[in-house]
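Summary of structural features
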There are 8 protein chains.
Amino acid sequence: MNGSNDTLALLENVKSGSITPEEALMKLKTAPFEDIGYAKIDNHRRLRQGAGEVIYGQSKTSGQISGIVSAMLKNGAENILVTRISQETADLLSNFDIEYHPIAKIGVVARKKSQGVGNIVVATGGTSDMPAAEEAAITAEVLGSRVTRLYDVGVAGLHRLLGNIDTLISARVVVAAAGMEGALASVIGGLVDCPVVAVPTSVGYGASFGGVAALLSMLNSCASGVSVVNIDNGFGAGFLANRINLMEGPK
Amino acid sequence: MNGSNDTLALLENVKSGSITPEEALMKLKTAPFEDIGYAKIDNHRRLRQGAGEVIYGQSKTSGQISGIVSAMLKNGAENILVTRISQETADLLSNFDIEYHPIAKIGVVARKKSQGVGNIVVATGGTSDMPAAEEAAITAEVLGSRVTRLYDVGVAGLHRLLGNIDTLISARVVVAAAGMEGALASVIGGLVDCPVVAVPTSVGYGASFGGVAALLSMLNSCASGVSVVNIDNGFGAGFLANRINLMEGPK
Amino acid sequence: MNGSNDTLALLENVKSGSITPEEALMKLKTAPFEDIGYAKIDNHRRLRQGAGEVIYGQSKTSGQISGIVSAMLKNGAENILVTRISQETADLLSNFDIEYHPIAKIGVVARKKSQGVGNIVVATGGTSDMPAAEEAAITAEVLGSRVTRLYDVGVAGLHRLLGNIDTLISARVVVAAAGMEGALASVIGGLVDCPVVAVPTSVGYGASFGGVAALLSMLNSCASGVSVVNIDNGFGAGFLANRINLMEGPK
Amino acid sequence: MNGSNDTLALLENVKSGSITPEEALMKLKTAPFEDIGYAKIDNHRRLRQGAGEVIYGQSKTSGQISGIVSAMLKNGAENILVTRISQETADLLSNFDIEYHPIAKIGVVARKKSQGVGNIVVATGGTSDMPAAEEAAITAEVLGSRVTRLYDVGVAGLHRLLGNIDTLISARVVVAAAGMEGALASVIGGLVDCPVVAVPTSVGYGASFGGVAALLSMLNSCASGVSVVNIDNGFGAGFLANRINLMEGPK
Amino acid sequence: MNGSNDTLALLENVKSGSITPEEALMKLKTAPFEDIGYAKIDNHRRLRQGAGEVIYGQSKTSGQISGIVSAMLKNGAENILVTRISQETADLLSNFDIEYHPIAKIGVVARKKSQGVGNIVVATGGTSDMPAAEEAAITAEVLGSRVTRLYDVGVAGLHRLLGNIDTLISARVVVAAAGMEGALASVIGGLVDCPVVAVPTSVGYGASFGGVAALLSMLNSCASGVSVVNIDNGFGAGFLANRINLMEGPK
Amino acid sequence: MNGSNDTLALLENVKSGSITPEEALMKLKTAPFEDIGYAKIDNHRRLRQGAGEVIYGQSKTSGQISGIVSAMLKNGAENILVTRISQETADLLSNFDIEYHPIAKIGVVARKKSQGVGNIVVATGGTSDMPAAEEAAITAEVLGSRVTRLYDVGVAGLHRLLGNIDTLISARVVVAAAGMEGALASVIGGLVDCPVVAVPTSVGYGASFGGVAALLSMLNSCASGVSVVNIDNGFGAGFLANRINLMEGPK
Amino acid sequence: MNGSNDTLALLENVKSGSITPEEALMKLKTAPFEDIGYAKIDNHRRLRQGAGEVIYGQSKTSGQISGIVSAMLKNGAENILVTRISQETADLLSNFDIEYHPIAKIGVVARKKSQGVGNIVVATGGTSDMPAAEEAAITAEVLGSRVTRLYDVGVAGLHRLLGNIDTLISARVVVAAAGMEGALASVIGGLVDCPVVAVPTSVGYGASFGGVAALLSMLNSCASGVSVVNIDNGFGAGFLANRINLMEGPK
Amino acid sequence: MNGSNDTLALLENVKSGSITPEEALMKLKTAPFEDIGYAKIDNHRRLRQGAGEVIYGQSKTSGQISGIVSAMLKNGAENILVTRISQETADLLSNFDIEYHPIAKIGVVARKKSQGVGNIVVATGGTSDMPAAEEAAITAEVLGSRVTRLYDVGVAGLHRLLGNIDTLISARVVVAAAGMEGALASVIGGLVDCPVVAVPTSVGYGASFGGVAALLSMLNSCASGVSVVNIDNGFGAGFLANRINLMEGPK
């Protein structure tokens, strides 16, 4: 269920008699996650996907988060990301070694600082796009990337973007977060030769429809090399940017 | 009904006895338009609004168009615009002195060429936006403006736009026509100091939703000085651009 | 990056040796804006676009606004518009010479009163449309225009509009703000011969969908000469109306 | 099942023994409609609702229509309306005494002309709205009303409407059909004191979204006394207008 | 501006010299409404439309409402409807002779009770639809109609509706208010032979989209004789139902 | 009105003279529900539909709920479900024998516990989907089914679902509740051979549009045997799943 | 991957040495489907889900369909359903033993007629809903159910539905197909005590939005026991109804 | 305008006198593209972005395409992609050395075959998703990547996907193309540890809304590492996947 190699290894063990078929079935069913009632914790994810499970905190109580964090720590997890939590929730988790980022609303438990590698540029159209941008930047930093912030470079004052073009073209991946008309992603997409992860933000009013205008704008980008994540999904953009940034070259 | 001055003049005439009250009422009711059954032709519009009535050809038969054109010619109209007609319809109107523009799908009857005044720049994101752009350009030219075309300068290749910046900044009004993500309007809006009339076009596919993505993008433009007309409404943009372009300075 | 003339002047200086190429590049990059961390202030905008940068206050803290205002004042800015701020935020900015308009929710710092020129008529369908209308009116007044207000003249009582027709036809530009069915823009568009900037407002309930009904109505106006800005975007309408109103005639 | 009086009468007959309970049940089940396989014809509707069943022709074959018409004629029906049929379908029904109206796309079988009573005014914004308007007008005429047509009186040329105000105020009911921004319904609603049935039409392009803009505009009408039917539903408007027009006064 | 007869009378007076042309123009402009700054009160509406102006209270301060009510009372108005006001606002208006209806959120100032004429049945699908239904019922009662309430007769328990069929068929007009799937209007529309005014309500959750599901359902009613007003627009339904109910028969 | 058999029985009684026709009509009208003013209680529903009326508590006051519960208890009802009520409302109903479930927000009055029959599996994509899932589970349990909960088995960690496949394939009906992309229903639908009732939940943000993304995903499921209820409609899913689960085999 | 029992059996075989681990892995990967290039045929589905794979013909060439049918026949498949194919495609498949149903647009290859068991009632609002209804009916019949058709019983003529109430209440499952306002599902849902599968159809025009109005109506049904499939998805409804109809009682 | 290095080099040349300032300005404006009237060809793009300009053929005539291709060939371009052209258009371009792919509707002019590097897996939910998938695959192959196709592995038959898990986990990038509910992207996203580019396709009907259901599903994916391109945008997905696949590791 989690890669042919695992299955094959399991089958070899069955054949050698080191485990019984019944035990193997049990293993297939129970190994990869721990069931704590309200959640099934995927301890196996770091092996399968290169990064541990992340706790989406928005709709969980501090009690639930606390339980999941404890179970993960018991399994030796580090750099546990808890996204979309308020300062209040972070305070309730202060018995853990938690680092809280108020703009991004991210908590990091058991953070193990490391010098980031590669280079991700996180750019925003305006100051108001910073929550999504910081969520992306901190996620990528915690997962191992070096991040350069380039904020308030929206297209209404193009020289602000062009004046930073050497920063842009030094990136291995660009995260472009913008609300309103979301044109930033297209303009950056036309200037760089690396992947651009576009994050529409809910900044705006009226016919921005909570980020839909920016979302559609980014999906229809006339520049190649641009892909899009959900509105305000800074975490998803940072996670993906980190994954691309850390890639080794093809063999 | 059409300006206090007219009403006042009419009332003066009633008082002076030069017309009876019944005649005045009749005049109020019948003067400004001619009823030819399927249409009420607004011969008065040039006086009231500075440009004669325009025939929206899309949902009219060539017979109906022909009838309206005849009635207008009889009233001395010139430069009669017939928008959204096919080559076939234009051919059926060839008994008139008609000039047909196939990309814009506009016919002009009894065109009286004049040297345009001022300067309107009509810009497009791509080649595919030309129908709306040409509709705008020809409308403005027929109504008296000088027009400069600047096509295929979309933001995915920003240098194409920046390389023409002196053309842009020479404009009194810019019409920016673009489909897909419609970012052109915002980028131009940030570069010039004149009014920008944005025309979203239906160019694109998928989540462009027939021009909605470009429309929303333009409505949410972070650049000031940008306003928007309906999707593919090149005529409206050209009409408005001309009206602004021909304005005299404030007293 | 900001007009061919500037670039050419810069290049001439390079040639003459008055600045080095490295200095020129630095100038190209840093001159037009000041980076204060959370914002890049576009001090150059007045030159490039005829009006100084405006502070969109909605998603900024009073601290951020204060920092931007200070930086602008240091550069000699006057008539600094801060839009969409509450009375509370305005009070927190009282160390500046700020004039606050509660209906429009606009603050003006370092206002330099001047006698407005030209004539912009700002009309509304109802009393409830006043916030957007006042935002437009004050913006235009601060930027230099004379403004005439014509409120509560919605089409359900047409005589209220027709009774003010001489006011309407005296306008160089009309701003028409209306919610619900937004018919005001079309009716005014059919009566005047100047540009009409339509502002859909979020006034209404049910199938008004927060201003979408008025927005669509205005985009589909059967009257020529009408263009549209975002829902409740009084600032944009006032800025554009002022730009048109102040235009000199074509040469 | 169809009114207490009918049920009571049936029960009286059961009591008197003139029919058995089994017969009564059978009657309750089978009387009000005739089952011809692909359709259950509601011969009872004229009694129950004051007008016979109408055949919605759009998705029916000429064979199916023919079968239904025959069954209705056999029951003595007159003035059978067959809506939304093409000229071709009408030709295939020429063995019946059918009168076909090509603009409205309505056929009337066994028409019994009568002098209409009351007065319904059917108004349109433009020439293109005539199909819906004619569908309404003919429906109302066939059902017994007198109809006055007032076409091409859209709000972009308000004097065309105001010049016909005495026609408008003579109406017992007004049907207002308009596409694009649909402002006609609101303007008429503000001028008359009778019920206004608004018909949004699919005339327009781009952000008219096939009549949605007009529909929303009409639903949000700031004028009282206006109600709305489906896009292009001229039949529904004509049916309802006729029903209102023929009403006797309250006792 | 308000009917040819008025205009003709005015012109006669000009001719006879009883008023000057200037006075006539002034009269045309100022007579029909009173301008109190934030509102233009349409004192003429009762003459023109058969019912006095109604105050839509939702977005007005109690001060503004108070001002408008005072001006109307000064003009002799009775039965002044103030819709969509809270108990708190009503309390602030207690210096007037106001009758407040908390479910409908309507206040009636200077109510002059009368025995209603005709018969309007107001039906709802459920208990939750009562606010819209009561708004309709009280509006119609104040304007002169007799109203019968028939609440909680939704189609999920059809016998509740069928058991009241004699009430339904006694109506001159039915107002059908329902949320969720809004099927009530169609079912009633198939049972009665009088006009049905359908009011979609915002009752429901999820894919009811705040009343959109019911709105679309009602617009697509397969029953004839049904028309629709805006979501939760009980006032509009009651106003229209009253207008129809009070109609005299055709001459 | 409630099945031919009832009607036939009634008619037989009329014939035999055991009741008069007038009495029969009265019976047809009044028997199946009790009218307590703001509600018409459908006491007959358990006979007609196999389960008693359920009280949708969301938009009712505790007083209204109390009145309805009392009337139902008087009629001998048991297991009365009151859905969508807060803890506060439940407390106000504590004079009844009420069992409150805070996650599901359901109260059950006069619960008569029974050993459930059959097997319904209620699965969720994540912890956040538990409110809808519990609403379904408790509804089904109260109505007589045995329920197995399988929570937090979303497709992002497929092994959590596959590891529980024997639970899934033991179900007679599966209720699949998921927000965000709602893929759970399709994946389960491809694994089991029993009916799957999909419940889209409003869990998510941005382009989840309050559950619309999950709703559309589920409606377009490429797996057969899946049907869908409204967003967050756990009650509806549980009611339907119970109905299917309790079915006897075909004869 | 296809049930714990299969996996367990496979593991037992590995242990006993009857197959090698490599062979087992190969078996896990290749057994359940046949790869013919453009499709992977799921021969295993009948075992896993109780019904063989169905060919969705709409977007496949007759060549592709022919290839899939041949591969399935080779595996001994019977009653192969090919949905959404035109008469032309059916003719191109005439080398197979194919039975074509033109209204449902379904072909059945190698049909093995059987006497259906249980009872599914398929009801429609109108004649135009027959394509979806027939798709459901034939699907269910081919899969083994007995089907009763009840067409043209829409709620605008309620007596047509009530007159057939004994047919309705005899059903084990009802499929309710309706377009326009889709009220049929709610009304039937209130009358029967068995599961109702609602099929919104694309019948209608204007604000029916291709079936969206009916879809929303059905999702918001106030009647319990109703679930919904995609617009026009007669196949899905028939498949699900058959699955429910054939269920044995709980143990 | 295209990177600081270029600008700096240019300035150096000005200083050294090797070009005049006027020449430099001219160079800034004209160098990067060739203006052939209807298009401005971006010959510079390969340098700036690592891949030459691609011709979006959909809305261009074969004459326009021919002109652009000729201009590009003259500049030494190879592997010129012409997307979204029909067989007919491809035939009209046969004077070039064009290779046409009918499923993908892509033409490649002057293709220079190379052994692809890395590994991109392109997976589809069904056979019908092949057009978008092939557009992606061929784009990536032409640009230099090795591509593995994995078609018809939709989640309704999960074993088809799981049986190919070793192919999936060998990928450096996965392109997941699916219509209907688009669950494929989430399921793959949960299984692999490389970037997943999701392509919603317009395959489906009814509430798939031309790919919107799949688009929303993919944007809301609960799996990390997934980003999305426009509906049916196989080219964009292939271009981006190639860009990621060819990345060298971070230094």
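Remember, it's a predicted structure, so these values are computed and weren't measured experimentally.

In this section: the overall build of chain A. Each helix and strand counted, chain A has 11 helices and 11 strands in total. A burial count over chain A gives 67% of its 251 residues as buried. The long-range fraction of contacts in chain A, counting pairs at least 24 apart against all pairs at least 6 apart in sequence, stands at 63%. Element-wise, carbon and sulfur atoms account for 52% of the exposed surface of chain A, whose accessible area totals about 8100 Å².

Moving on to the pattern of salt bridges. Note that side chains of opposite charge can pair when their charged atoms are close. Residues and elements named next belong to chain A. Overall, the coordinates contain 46 salt bridges over all chains when judged by the stated rule. Linking Arg-149 and Glu-141 is a salt bridge whose minimum nitrogen-to-oxygen distance equals 3.0 Å. With relative accessibility at 32%, the residue Arg-149 sits in the partly exposed group.

Before going further, it helps to examine the packing of helix H6 (residues 130-142) of chain H against helix H11 (residues 234-245) of chain H. Residue and element names in this part refer to chain H. For the pair H6 and H11, interaxial distance at closest approach is 7 Å and the crossing angle is 35 degrees. H6 and H11 meet at a crossing whose hand is right-handed. Where H6 abuts H11, its residues Ala-132, Glu-135, Ala-136, Thr-139 and Ala-140 lie against Gly-234, Phe-235, Ala-237, Gly-238, Phe-239 and Asn-242. Residues belonging to the contact of H6 with H11 are distributed by class as follows: six nonpolar, four polar and one charged.

What follows deals with H6(H). Residue and element names in this part refer to chain H. For H6, with 13 residues, the first-to-last C-alpha span of 18 Å sits near the 18 Å given by 1.5 Å per residue. Turning to H6, its buried residues number three or more, namely Met-130, Ala-132, Ala-133, Glu-134, Glu-135, Ala-136, Ala-137, Ile-138, Thr-139, Ala-140 and Val-142. One or two positions beyond H6, positive phi appears at Gly-144, with a value near 120 degrees.

On to the sheet that holds strand E6 (residues 106-109) of chain A, then. All names here are of chain A. Pairing in this open sheet of four strands is mixed, and the strands run E3-E4-E6-E5 from one edge to the other. The open sheet is flanked by strand E3 (55-56) and strand E5 (98-101), the only strands paired with a single partner. Looking at chain direction, strand E4 (residues 80-83) and E6 are connected through three bridges and run antiparallel. In the sheet register, Leu-81 faces E6, and the bridge partner there is Val-108. Sheet contacts for helix H6 (residues 130-143): E4, E5 and E6; angle to E6, the most-contacted strand, approximately 15 degrees.

Next up on the list: the interface of chain D and chain E. In this complex, chain D contributes 40 residues to the contact, which on the side of chain E involves 41 residues. In this assembly, chain D packs against chain E so that about 3400 Å² is buried in total across both faces, 57% of it on carbon and sulfur atoms. Where chain D packs against chain E, one counts zero salt bridges. At the boundary of chain D and chain E, one finds 12 residue pairs in polar contact (both at pLDDT 80 or more). Breaking the side of chain D that touches chain E down by element, the ones donating at least two residues are helix H3 (45-49), strand E7 (117-124), helix H8 (165-169), helix H10 (212-219), strand E11 (226-228) and helix H11 (234-245) of chain D. Within the side of chain D that touches chain E, the residues separate by chemical class into 20 nonpolar, 14 polar and six charged.

The interface of chain H with chain B comprises 23 residues on the first partner and 19 residues on the second. Linking chain H with chain B are four residue pairs in polar contact (both at pLDDT 80 or more), by the criterion used here. Elements that contribute at least two residues to the side of chain H that touches chain B include exactly helix H3 (45-49) and helix H10 (212-219) of chain H.

Each strand in a sheet pairs with another by means of backbone hydrogen bonds, the pair being arranged parallel or else antiparallel. The mixed open sheet is built from four strands, whose spatial order is E3-E4-E6-E5 (chain C). The open sheet has two free edges, formed respectively by strand E3 (55-56) and strand E5 (98-101) of chain C, since each of these has just one partner strand.

This next bit is on the relation of the copies chain D and chain E. Once chain D is rotated about the relating axis by 180 degrees and shifted along it by 0.0 Å, it coincides with chain E to within an RMSD of 0.1 Å. Here the copies are linked by what is in effect a two-fold axis. An overlap of 100% is found between the interface residues of chain D and their copies at the interface of chain E, pointing to a shared contact surface.

These two copies of the chain differ by a rotation about an axis and a displacement along the same axis. In the superposition of chain H on chain B (RMSD 0.1 Å, axial shift 0.0 Å), the rotation amounts to 90 degrees. What the rotation and shift describe, once combined, is the action of a four-fold rotation axis. Closest to the rotation axis within chain H is the C-alpha of Phe209(H), separated from it by 7.4 Å.

All right, on to the layout of surface pockets then. Its volume calculated, the largest pocket comes out at about 1700 Å³. As for the largest pocket, its lining consists of 35 residues, of which Phe209(B), Phe209(D), Val212(D), Phe209(G) and Phe209(H) are closest to the centre. Sorting the residues of the lining of the largest pocket by element identifies helix H10 (212-219) of chain A, helix H10 (212-219) of chain B, helix H10 (212-219) of chain C, H10 of chain D, helix H10 (212-219) of chain E, helix H10 (212-219) of chain F, helix H10 (212-219) of chain G together with H10 of chain H as the ones contributing at least two each. In terms of residue class, the lining of the largest pocket is built from 35 nonpolar, no polar and no charged.

Turning our eyes to something else, we now look at the environment of Ser145(D). Residues and elements named next belong to chain D. Residue placement: Ser-145 occurs in strand E8 (residues 145-150). In this structure the C-alpha to C-alpha distance between Ser-145 and Val-187, which are 42 residues apart in sequence, comes to 24 Å. Every residue in contact with Ser-145, bar those within four places of it in the chain, is listed here: Gly-116, Val-117, Ile-120, Ala-140, Asn-242, Asn-245 and Leu-246. At a separation of 2.6 Å, a polar atom in the side chain of Ser-145 contacts the side chain of Asn-242. At a separation of 2.8 Å, a polar atom in the side chain of Ser-145 contacts the side chain of Asn-245.

The rules behind each value
- Residues numbered from 1 in each chain as written.
- Chains lettered and ligands numbered in written order.
- Predicted model: local features only at pLDDT ≥ 70, side-chain atom pairs only at ≥ 80, totals over all residues.
- Heavy atoms only, no water.
- Helix = DSSP H or I, 4+ residues; strand = E, 2+ residues; numbered from the N terminus.
- Buried < 20%, exposed > 50% of the residue type's maximum accessible area, 1.4 Å probe, protein only.
- Contact = heavy atoms within 4.5 Å.
- Areas by Shrake-Rupley, 256 points an atom, 1.4 Å probe, with all protein chains shown as cover.
- Salt bridge = Lys/Arg side-chain N within 4 Å of Asp/Glu carboxyl O.
- Axes fitted to C-alpha atoms, helices over the stretch in contact; angles between N-to-C directions.
- Left-handed = near helix turned anticlockwise from the far one by under 90°.
- Nonpolar A, V, L, I, M, F, W, Y, C, P; charged D, E, K, R; others polar.
- Expected span 1.5 Å × (residues − 1).
- Pairing = 2+ DSSP bridges.
- Buried area = accessible area lost by both parts, 1.4 Å probe.
- Polar contact = N/O pair within 3.5 Å; in protein donor to acceptor, adjacent residues only side chain to side chain.
- Least-squares fit on C-alpha atoms with pLDDT ≥ 70 in both.
- 1 Å grid on protein atoms, 1.4 Å probe; cavity = no way out; pocket = protein on both sides within 12 Å on 5 of 7 lines; lining within 4 Å.
- Points joined across faces, edges and corners; volume = space filled by probe spheres on them.

Function-wise, these values are silent; they only describe arrangement.
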